[in-house]
Amino acid sequence: MKAIQYTRIGAEPELTEIPKPEPGPGEVLLEVTAAGVCHSDDFIMSLPEEQYTYGLPLTLGHEGAGKVAAVGDGVEGLDIGTNVVVYGPWGCGNCWHCSQGLENYCSRAQELGINPPGLGAPGALAEFMIVDSPRHLVPIGDLDPIKTVPLTDAGLTPYHAIKRSLPKLRGGSYAVVIGTGGLGHVAIQLLRHLSAATVIALDVSADKLELATKVGAHEVVLSDKDAAENVRKITGSQGAALVLDFVGYQPTIDTAMAVAGVGSDVTIVGIGDGQAHAKVGFFQSPYEASVTVPYWGARNELIELIDLAHAGIFDIAVETFSLDNGAEAYRRLAAGTLSGRAVVVPGL
């Protein structure tokens, strides 16, 4: 079967031919219908050899949707042909965090060698993929898998980040979204649906600010050296109750801290270069401001997102690519020329 794999440190991902997998006991084989392309992939492929720990060759893709093609021994209650999306942050299923559905924070995953698809385990950028357990599948019914697959990360990550801050998003408050690409444009829609806050979106290009306005941002601001000052002209002295940084480089984190208000939440979602940090302390950050770095989201939250999708609240911007042209999606991602989420569709 065809797959897009990272095969050599520092090289571009490439289209390869690999054997079609077979499900073992407790596993599920999916015929992939759609797979998202994410900045996290680009980040791990930029790592030097001494820091890269994900194995080679690596079939990419931690956002996956598909049809159940076969099941291994012991799997019951899952019909062949069921349309599903994959919950990506796999855990042990037994620790305290996993028992709450928070497999993204599994305390034993590293110890047991459990890796997410596309981030250690074979991912969704292939014609077929193995899912380790049926508990990591969420049925989507008649939803379009191409429009729905981004919800497994580009939706789940901001949803998890926003939910913890909802009590702070009262009427008259402000929420700032830095970066309006794959995750950010979904975050804007979630903020509009879930809260009474005024949503201010920041990005570096007019096209991305136009997308932000289209999906519901009340105000848009160019993300440049004057961004913090221009956001403060909107929020006034109270600042933002929630700042979501979907970029994560030092200039955007500095902007996030500069626009945050007293008692606010600053949530750094974007991985950036992995080196940036928020300056926290007296005279450097607002009083009682919390700075958080979340990772993905809970299984129950993905179920909730699929329910919201059935309710029609999302307008997910996607650009589609075939498996044969999947490497181009990563080039466009690195160049910053994508609008919304890149989705690879094996059937194209």
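Just so we're clear, the structure is a prediction, and the values are computed from it rather than from any experiment. (Residues numbered from 1 in each chain as written. Predicted model: local features only at pLDDT ≥ 70, side-chain atom pairs only at ≥ 80, totals over all residues. Heavy atoms only, no water.)

## Let's talk about the side chain of Gln 189
- Examined against the element boundaries, Gln 189 turns out to sit in helix α6 (residues 184-194).
- Other than its neighbours up to four places away in sequence, Gln 189 contacts Val 215, Ile 313, Phe 314 and Asp 315. (Helix = DSSP H or I, 4+ residues; strand = E, 2+ residues; numbered from the N terminus. Contact = heavy atoms within 4.5 Å.)

## Brief notes about the sheet that holds strand β2 (residues 14-17)
- The antiparallel open sheet is built from three strands, whose spatial order is β2-β1-β4. Single-partner strands in this sheet number two, and they are β2 and β4 (58-59).
- The pairing of strand β1 (residues 2-6) with β4 spans two bridges and is antiparallel. Along β4, the bridge assignment pairs Tyr 6 with Leu 58. (Pairing = 2+ DSSP bridges.)

## What to know about the pattern of salt bridges
- Considering all chains together, one arrives at 15 salt bridges under this definition.
- In this structure, Arg 331 engages Glu 12 in a salt bridge whose closest nitrogen and oxygen atoms are separated by 3.1 Å. Placement of the pair is Arg 331 in helix α11 (residues 326-335) and Glu 12 in the loop between β1 and β2, with a sequence separation of 319 residues.
- When its relative accessible area of 44% is taken as the criterion, Glu 12 is described as partly exposed.
- Lys 163 is the partner of Glu 301 in a salt bridge, and the nearest nitrogen-oxygen pair spans 3.8 Å. In this pair, Glu 301 sits in helix α10 (residues 299-310) while Lys 163 sits in helix α5 (residues 156-163), placing the two residues 138 residues apart along the sequence.
- Residue class for Glu 301 comes out buried when judged on its relative accessible area of 7%.
- Assessed through its relative accessible area of 28%, Lys 163 is described here as partly exposed.
- Counted as one network, the salt bridges with shared partners bring together Glu 12, Glu 328 and Arg 331. (Salt bridge = Lys/Arg side-chain N within 4 Å of Asp/Glu carboxyl O. Buried < 20%, exposed > 50% of the residue type's maximum accessible area, 1.4 Å probe, protein only.)

## Some thoughts on the sheet that holds strand β9 (residues 174-178)
- Strand order in the open sheet formed by six strands is β11-β10-β9-β12-β13-β14, and the pairing between neighbours is parallel. Of all strands in the sheet, those bounded by a partner on one side alone are β11 (219-222) and β14 (290-292). Going across the sheet, the axis of each strand differs from the next one's by a mean of 15°, ignoring polarity.
- In this structure, β9 lies alongside strand β12 (residues 240-245), joined through four bridges in parallel fashion. Within the sheet, the bridge partner assigned to Val 177 lies in β12 and is Leu 244.
- Where helix α9 (residues 250-259) meets the sheet, it contacts β9, β10 (198-203), β12, β13 (260-268) and β14, and its direction lies at approximately 155° from that of β13. (Axes fitted to C-alpha atoms, helices over the stretch in contact; angles between N-to-C directions.)

## A short note on the side chain of Thr 255
- Following the sequence through the fold, Thr 255 ends up in helix α9.
- Owing to a relative accessible area of 11%, Thr 255 belongs among the buried residues under this scheme.
- Among all residues touching Thr 255, those that are not within four sequence positions of it are Ile 178, Leu 202, Ala 227 and Ala 228.

## Concerning α6
- Most of α6 sits out of view: eight of its 11 residues are buried.
- Where α6 is concerned, the buried positions are Gly 184, His 185, Val 186, Ala 187, Ile 188, Gln 189, Leu 190 and Leu 191.
- On its buried face, α6 is in contact with α5, β9, β10, α7 (206-214), β12 and α10.

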